[in-house]
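Close look at the chain arrangement
Chain by chain, the residues:
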Amino acid sequence: MTDAHTLPGQPRGGSVLSGPATARAVNVLAPNPSAMTLDGTNTWILSEPDSDLAVVIDPGPLDDGHLRHVVGTAERAGKRIALTLLTHGHPDHAEGAGRFAELTGTKVRALDPALRLGDEGLAAGNVISVGGLELRVVPTPGHTADSLSFHLPADRAVLTGDTVLGRGTTVVAHPDGRLGDYLDTLRRLRSLTVDDGVHTVLPGHGPVLEDAQGAVEYYLAHRAHRLAQVETAVENGHRTPSEVVAHVYADVDRALWPAAELSVRAQLEYLREHGLI
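Rules of the game
Numbering of residues starts from 1 in each chain and follows the order in which that chain's sequence is written. Where local features are concerned, this predicted model is filtered to residues with pLDDT of at least 70; where side-chain atom pairs are given and counted, the filter is 80 or more; whole-chain, interface and lining totals use all residues. By convention in this description, side-chain values take in all heavy atoms of the structure and omit both hydrogens and water. Paired strands are those between which DSSP finds at least two bridges. Helix numbering and strand numbering both begin at the N terminus, where a helix is a DSSP run of H or I of at least 4 residues and a strand a DSSP run of E of at least 2. Any carboxyl oxygen of Asp or Glu within 4 Å of a side-chain nitrogen of Lys or Arg constitutes a salt bridge here. Relative accessibility decides the category of a residue: with a 1.4 Å probe and only protein chains considered, values under 20% of the type maximum give buried, values over 50% give exposed, and everything between is partly exposed. Angles run from 0 to 180 degrees between N-to-C directions of axes, and those axes are lines fitted to C-alpha atoms, restricted for helices to the stretch in contact. Only heavy atoms enter the contact rule, under which two residues are in contact if any of them lie within 4.5 Å.

Moving on, we come to the pairing of strand E2 (residues 25–29). As judged from the two bridges shared by strand E1 (residues 19–20) and E2, these two strands associate in the antiparallel manner. Note on E2: the bridge partner recorded for Pro20 is Val26. Hairpin connection, E1 to E2: the antiparallel pair is bridged by four residues. Here five bridges tie E2 to strand E3 (residues 42–46), and the two strands are oriented antiparallel to one another. What sits directly across from Asn27, in E3, is Trp44.

This brings us to the pattern of salt bridges. Counting across every chain of the model gives 13 salt bridges. Among the ionic pairs, Arg24 bridges to Glu48, the shortest N-O distance being 2.7 Å. With Arg24 in the loop between E1 and E2 and Glu48 in the loop between E3 and strand E4 (53–57), the pair connects residues that are 24 residues apart, well separated along the chain. A single burial state applies to Arg24 and to Glu48, both of which are buried. The partner of Asp39 in a salt bridge is Arg167, and the shortest N-O contact between them spans 3.2 Å. Highlighted residues: Asp39 in the loop between E2 and E3 and Arg167 in the loop between strand E10 (157–161) and helix H4 (179–195), separated in sequence by 128 residues. With a relative accessible area of 41%, Arg167 lands in the partly exposed category. Through salt bridges that share partners, Asp64, Arg68, Arg99 and Glu102 make up one connected network.

In space, the five strands of this open sheet follow the order E7-E8-E9-E10-E11, with mixed pairing throughout. Of all the strands in the sheet, just strand E7 (127–130) and strand E11 (200–203) have a single pairing partner and so form its edges. Within the sheet, the average angular offset between the axes of one strand and its neighbour, ignoring direction, is 25 degrees. Alignment of strand E8 (residues 133–139) against strand E9 (residues 148–152), held across four bridges, turns out to be antiparallel. Its bridge partner lying in E9, Arg136 is registered against His151. Here H4 sits on the sheet and contacts E8, E9 and E10; the angle it forms with E8, its principal contact strand, is near 145 degrees.

Function cannot be inferred from these measures alone, as they are strictly geometric.
Written as structure tokens, this is what we have:
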């Protein structure tokens, strides 16, 4: 059995992912496990310990039972949900947002105007304050163009959506996601760990990571390694995305190959843009 502290990012041990994660963050795991969503989508309830107001990040899929469970979890803790935020627009994070807004009477804020319910969106540098809770909006494009993360300074934590996962690595969802943007994002997150003292990752899927800097460094190294593999594959005559996937991702579960092909397409585009192939 592998010790969690030897894995990238030091994932928090234990099989139960739902429940308190930090002093201000509680996870409610959505019942949508799959090869792509891992154990399911993490829906985060954030609140100051002494406040009766809460913020929810990523209500998750359109599953009425899950959405009501999120509301009930907050209410049992004496909290009223006052605002809903989205890390990005993929259905496993955002499809339930409209119904959740009906249940809670909240506005939904997102980078993409199409996902918003209300007049306010989200942008780089925004500081969100609810019941004494402070969240800072961090632009983290790459997985998708509209991906955001949320810095929770009081817990020295960052909520990353699909940008950094609690287990494995994420997909650069070409053509919306771009590898150059994603590499810049990882460097931005590394700066949060170095300059702002962030040590905990609260991801959109998988367990909490106790070593944020280690996780980001692993992601950067992984991307550099994959990019080199793709470049070599092309040099050896593997020209199409599917050919590159079969060569580079031969040791990966074939169920994940369609997702891997999105990342390969993003990598090929990046290599062409930089004159490397």
